[in-house]
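Descriptive analysis of the structure
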Amino acid sequence: PPEHWVGRKLLPLSFATYAHVEYWETVREQPPESHRWIVLGDDLNLSAMSKIAHARKVDGAKVTVSNTMMSVFDMVQSGFGIAVMPCYLGDKNPKLQRIDEADDSANWHLWLLAHPDVRRSARVNAFYQFATSHVSEALLSQPQG
């Protein structure tokens, strides 16, 4: 996070490749070049999602670029293709199937951040305490379905 922001590191992030269960059943036996990939529109490919996706995607595979992580998630959930996503999103969704092993080599973390101007606010501190325990607990709990 930017140095001037105040925050807490909640938990480490792992990433894996996911597809909608029905999409994967349709394409799993086809050559990898025929799989449609949904990638994050990261200009310099600096995000962990982009780096891992470009390493796992074979040359010649179809690519759709999306500009937010949640739009990538929505497209995969709709059965449009395959994407690398944080495991906390993919593993919790019973419509999605993990295609490969999780990768935590990017050393990324989920942070809870606040602007320095509001760091002493009682409301912000109360939210921090609530979110720190509940978000971490929810993301670390067992997958649904």
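To be clear, the structure that these remarks concern was listed above.
Overview of the structure. These numbers come from a predicted model, not from an experiment.

1. Considerations on the side chain of His35
Among the secondary structure elements, His35 is positioned in the loop between helix H1 (21-27) and strand E3 (36-40). By relative accessible area, which is 7% here, His35 ends up buried.

2. Some thoughts on helix H2 (residues 48-56)
Each turn of an α-helix holds 3.6 residues, which means side chains three or four residues apart point in the same direction. For H2, the complete set of buried residues consists of Ala48, Met49, Ser50, Ile52 and Ala53. Where H2 is buried, its residues meet strand E2 (15-20), E3, helix H3 (69-77) and strand E5 (82-86).

3. Some words on H3
All buried positions along H3 are accounted for by Ser71, Val72, Phe73 and Val76. Remark: Gly79 follows H3 within two positions and exhibits a positive phi of approximately 85°.

4. Side note on the side chain of Thr64
Along the chain, Thr64 turns up in strand E4 (residues 62-66). Residues contacting Thr64, with those up to four places away along its chain left out, are Arg36, Trp37, Ile38, Val39, Met75 and Phe80.

5. Observations regarding the environment of Phe80
Note that Phe80 resides in the loop between H3 and E5. A relative accessible area of 37% means that Phe80 is categorised as partly exposed. For the pair Phe80 and Thr64, spaced 16 residues apart in the sequence, the C-alpha separation amounts to 9.3 Å. Among all residues touching Phe80, those that are not within four sequence positions of it are Tyr23, Arg36, Ile38, Thr64 and Met75.

Cut-offs and rules
Residues numbered from 1 in each chain as written. Predicted model: local features only at pLDDT ≥ 70, side-chain atom pairs only at ≥ 80, totals over all residues. Heavy atoms only, no water. Helix = DSSP H or I, 4+ residues; strand = E, 2+ residues; numbered from the N terminus. Buried < 20%, exposed > 50% of the residue type's maximum accessible area, 1.4 Å probe, protein only. Contact = heavy atoms within 4.5 Å.

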